[in-house]
Amino acid sequence: MTRILLLLFLFTSFLARAGGYTQAMFRDAIANVSTSPDYVLIKVIGSEGQSERTVCTTANLFLGAIHLEYGLGYTEGDQKRACDIALAQPERSFTFHKKAAIDNLADHETPEALADVRKQFAGKKDSELLDDNFIRSVTSKPSSASHVAYRDAVAHALLERGIGCRMGDIADNLFPHQ
């Protein structure tokens, strides 16, 4: 019985977190054209009916993937078209057929890193997740590959909780929105 209650609690807390990322957060991330891009959570379907997966990447890389997929240039009109394509999907679900577009998403997180981050976030108040020292303690890893996997996993978990975040413009540190 205890196991069933624990599973029910974990499932309901997952559902509560999953609803945290809003369309307004997505729109704000797309609108941020600074050198410190916001992260976005999108659903990606690869070509030939590959399974859908959730991807956490920066808005600029996501928009770049749209440019590659649709053969858009970087004129003002093409940039507006890429934003329009991104914002036209209310469920934030996108199909990419071109390998270059999929590769541009730079999806570095691993399932293991995301599971570990979710575990570290469990029971923490949102205000605790805004602490730069805590974020650095989770993302600081000895290898570059581990660092980027945890950086993107932390971004993913923050967005699930409804906390926007961005990548630094000089270093690739992660900064939650205060």
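Treat the numbers as computed from the prediction; the structure is a model and nothing was measured. (Residues numbered from 1 in each chain as written. Predicted model: local features only at pLDDT ≥ 70, side-chain atom pairs only at ≥ 80, totals over all residues. Heavy atoms only, no water.)

1. Here's the deal with the overall build of the protein
Scanning the protein from terminus to terminus reveals 9 helices and 5 strands. Residue burial in the protein is summarised as follows: out of 178 residues, 39% are buried. For the protein, restricting intrachain contacts to residue pairs at least 6 apart in sequence, the fraction spanning at least 24 positions comes to 61%. On the protein, roughly 9,900 Å² of surface is accessible, and the fraction owed to carbon and sulfur atoms is 57%. (Helix = DSSP H or I, 4+ residues; strand = E, 2+ residues; numbered from the N terminus. Buried < 20%, exposed > 50% of the residue type's maximum accessible area, 1.4 Å probe, protein only. Contact = heavy atoms within 4.5 Å. Areas by Shrake-Rupley, 256 points an atom, 1.4 Å probe, with all protein chains shown as cover.)

2. Quick word on helix α3 (residues 59–70)
The first and last C-alpha atoms of α3 sit 17 Å apart over 12 residues, in line with the 16 Å expected at 1.5 Å per residue. For α3, the complete set of buried residues consists of Ala 59, Phe 62, Leu 63, Gly 64, Ala 65, Ile 66, His 67 and Glu 69. Looking at the buried side of α3, the elements it contacts are α2 (23–31), β1 (39–45), β2 (52–58), α4 (76–87), β3 (93–95) and α5 (99–104). (Expected span 1.5 Å × (residues − 1).)

3. Regarding the sheet that holds β2
Paired through their backbone hydrogen bonds, the strands of a sheet run either parallel or antiparallel. One open sheet accounts for 3 strands, arranged β2-β1-β3; its pairing is mixed. Each edge of the open sheet carries a strand with a single partner, namely β2 and β3. With direction set aside, neighbouring strand axes in the sheet form an average angle of 40 degrees. In this structure, β1 lies alongside β3, joined through 3 bridges in parallel fashion. Opposite Val 44, over in β3, you have Phe 94 as the bridge partner. Packed onto the sheet, α3 meets β1, β2 and β3 and runs at close to 120 degrees relative to β2. (Pairing = 2+ DSSP bridges. Axes fitted to C-alpha atoms, helices over the stretch in contact; angles between N-to-C directions.)

4. Let's talk about the pattern of salt bridges
Here the structure, examined in full by the defined rule, presents 7 salt bridges. Residues Asp 126 and Arg 161 are paired through a salt bridge, measuring 2.7 Å at the closest nitrogen-oxygen approach. Of this pair, Asp 126 sits in helix α7 (residues 126–129) while Arg 161 sits in the loop between α9 (144–160) and β4 (165–167), placing them 35 residues apart in sequence. In this structure, Arg 151 and Asp 152 form a salt bridge, with 2.8 Å as the shortest nitrogen-oxygen distance. A residue is classified by how much of its surface remains accessible, and Arg 151, at 5% relative accessible area, is buried. (Salt bridge = Lys/Arg side-chain N within 4 Å of Asp/Glu carboxyl O.)

5. Some remarks on the packing of aromatic side chains
Following the criterion strictly, the structure yields 3 aromatic pairs and no others. Taking the centre distance of 6.0 Å and the plane angle of 55 degrees together, the rings of Phe 26 and Phe 62 count as tilted. With a gap of 36 residues between them, Phe 26 in helix α2 and Phe 62 in helix α3 connect regions that are remote in the sequence. The burial state of Phe 26 is the same as that of Phe 62; both residues are buried. (Phe/Tyr/Trp six-rings, centres within 6.5 Å; stacked < 30°, edge-to-face > 60°.)

6. Notes on the nonpolar core
Core analysis: the largest hydrophobic core is formed by 45 residues, its most contacted members being Phe 26, Val 40, Ile 42, Phe 62, Ile 66, Phe 96 and Leu 158. The element contributing the most residues to this core is α9, with 8 residues. Apart from residues no more than four positions distant in its own chain, Phe 26 is found in contact with Tyr 21, Val 40, Ile 42, Phe 62, Ala 86, Leu 87, Arg 92 and Phe 94. (Core = buried A, V, L, I, M, F, W, Y, C linked by side-chain atoms within 4.5 Å.)

7. What about unusual backbone geometry?
Of note in this structure, Arg 92 is not a glycine but carries a positive phi near 55 degrees. Inspection of the secondary structure assignment puts Arg 92 in the loop between α4 and β3. The buried category is assigned to Arg 92, whose relative accessible area is 13%. Positive phi, close to 50 degrees, is recorded for Ala 106, a residue that is not glycine. Note on placement: Ala 106 falls in the loop between α5 and α6 (111–121).

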